[in-house]
Amino acid sequence: MSELNELVEQWDQHDGRRRIGSRPRTIDEYFEVERPLLMPLPEEPFETGRVFTPRVDRYSQIAVRTNRYSVPVRLIGKRVRVMLHASHLVVYDKNVEVARHERLIAKGSCRLELDHYLEALIRKPGAFPGATALEQARSAGKFTPVHDAWWAAAVKAHGDTEGTRALIEVLLMARHIPHEYLVAGLATALRAGALTADAVALEARKAAQTEDETAPATSSALATGQPPATVTFLHEWKLNHLPPDTRPLPSVTPYDQLLRRRASGGDHREGEAQ
């Protein structure tokens, strides 16, 4: 589309220099005369999409033209508003956007978003391995081999049901943690053998924080041509600047002497009692 738009722009510029018949002015010159007489463009953009109001079926899907698209499971049984465009469609619950899909071209196709089914799957984790939405997420690269590896380890450690439920809890975090940080958290937790959703969340936030801290330093270094500065924690700096410790290592000999005195004193009192 971008290439076609560039061609249209070139054709428009070329046509502006053309003269119609034997007229003394070009098209661009006549347009400059007409420009002040034109009405201003509307403040609100013209909506080019087509509106549909389908009802969400029991599979949490809507039918638009000849294809089906998923929406969040909480909308089952409700009517939603769909704005269908040339390359995508947007689903609204009242005035709130709840789903956005790339438009399907082939008839009878189905596009499912795994995130739309997580609330239902966490209650029935046994349906997760065979879910069509999971296969589509794998094909789209949203469910990565790192997800699979962590899932397999969690199932081995906690069993099929609890391990799968832990994975679904991780997937729910993707609603407020960016995908790349979540994958990094999964990889770090897998290497450490931390097979809980809380551990993944912690490692994902660490990855996000590390990038946020290093990005300003890297940008500054690129601007000045200097290598990025390294961060040294205060306690490390203090330890590195302490004078050498020449004191001898502590000894427990005085305590042994106290124990021997106590033992000898106890024996002496027993003799007196006898």
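You'll find the structure just up there.
The paragraphs below set out a description of the structure included in this document.

Cut-offs used in this document
Residues numbered from 1 in each chain as written. Predicted model: local features only at pLDDT ≥ 70, side-chain atom pairs only at ≥ 80, totals over all residues. Heavy atoms only, no water. Helix = DSSP H or I, 4+ residues; strand = E, 2+ residues; numbered from the N terminus. Buried < 20%, exposed > 50% of the residue type's maximum accessible area, 1.4 Å probe, protein only. Contact = heavy atoms within 4.5 Å. Pairing = 2+ DSSP bridges. Salt bridge = Lys/Arg side-chain N within 4 Å of Asp/Glu carboxyl O. Axes fitted to C-alpha atoms, helices over the stretch in contact; angles between N-to-C directions. Left-handed = near helix turned anticlockwise from the far one by under 90°. Nonpolar A, V, L, I, M, F, W, Y, C, P; charged D, E, K, R; others polar. Phe/Tyr/Trp six-rings, centres within 6.5 Å; stacked < 30°, edge-to-face > 60°.

Turning our eyes to something else, we now look at the overall build of the protein chain. Check the secondary structure of the protein chain and you find ten helices and seven strands. Of all 274 residues assigned to the protein chain, the portion counted as buried reaches 26%. Restricting to contacts in the protein chain with at least 6 residues of sequence separation, those with at least 24 account for 47%.

Let's shift gears to the sheet that holds strand β3 (residues 67-70). Strand order across the open sheet formed by three strands is β2-β3-β7, with mixed pairing between neighbours. What marks the edges here is a single partner per strand, and that holds for β2 (61-64) and β7 (110-111). Pairing between β2 and β3: four bridges, direction antiparallel. From the neighbouring strand, Val64 faces β3, where its bridge partner is Asn67.

With that settled, the discussion passes to the pattern of salt bridges. Tallied over the entire structure, the rule returns twelve salt bridges. A salt bridge links Glu119 to Arg175; its shortest N-O distance comes to 2.6 Å. Here Glu119 is found in helix α3 (residues 118-123), whereas its partner Arg175 is found in the loop between α6 (160-173) and α7 (179-192), with 56 residues between them in sequence. A relative accessible area of 43% places Arg175 in the partly exposed class. The residue Lys206 makes a salt bridge to Glu203 at a minimum N-O spacing of 3.7 Å. With a gap of three residues between them, Lys206 and Glu203 both fall in helix α8 (residues 197-224), about one helical turn apart. Through salt bridges with shared partners, a single ionic network connects Asp115, Glu119 and Arg175.

Here we take up the packing of helix α5 (residues 145-158) against α6. Here α5 crosses α6 at 145°, and the two axes come no closer than 7 Å. As for the relative orientation of α5 and α6, their crossing is right-handed in sense. Taken together, the residues of α6 that come into contact with α5 (itself represented by His147, Trp150, Trp151, Ala154, Val155 and His158) are Asp160, Glu162, Gly163, Thr164, Ala166, Leu167, Val170 and Leu171. Split by residue class, the contact of α5 with α6 holds eight nonpolar, four polar and two charged.

Attention shifts here to the packing of aromatic side chains. Tallying each qualifying case throughout the model produces three aromatic pairs. A centroid spacing of 5.2 Å and a plane angle of 80° characterise the contact between Phe128 and Trp151, whose relative ring orientation is edge-to-face. In this pair, Phe128 is assigned in the loop between α3 and α4 (132-139) and Trp151 in helix α5, connecting sequence segments 23 residues apart. Residue Phe128 is classed as buried on the basis of its relative accessible area, which comes to 0%. Measuring from ring centre to ring centre gives 6.2 Å for Phe143 and Trp151, while their planes differ by 85°; the resulting arrangement is edge-to-face. When its relative accessible area of 4% is taken as the criterion, Phe143 is described as buried.

Moving on to the sheet that holds strand β5 (residues 88-93). Reading across from one edge, β1-β4-β5-β6 is the order of the four strands in this open sheet, with antiparallel pairing throughout. Strands at the two margins of the open sheet, each flanked by one partner only, are β1 (50-52) and β6 (96-102). The sheet shows a mean angle of 20° between the axes of neighbouring strands, taken without regard to direction. Where β5 lies against β6, six bridges are found, and the strand directions are antiparallel. Opposite Val90, over in β6, you have Arg100 as the bridge partner.

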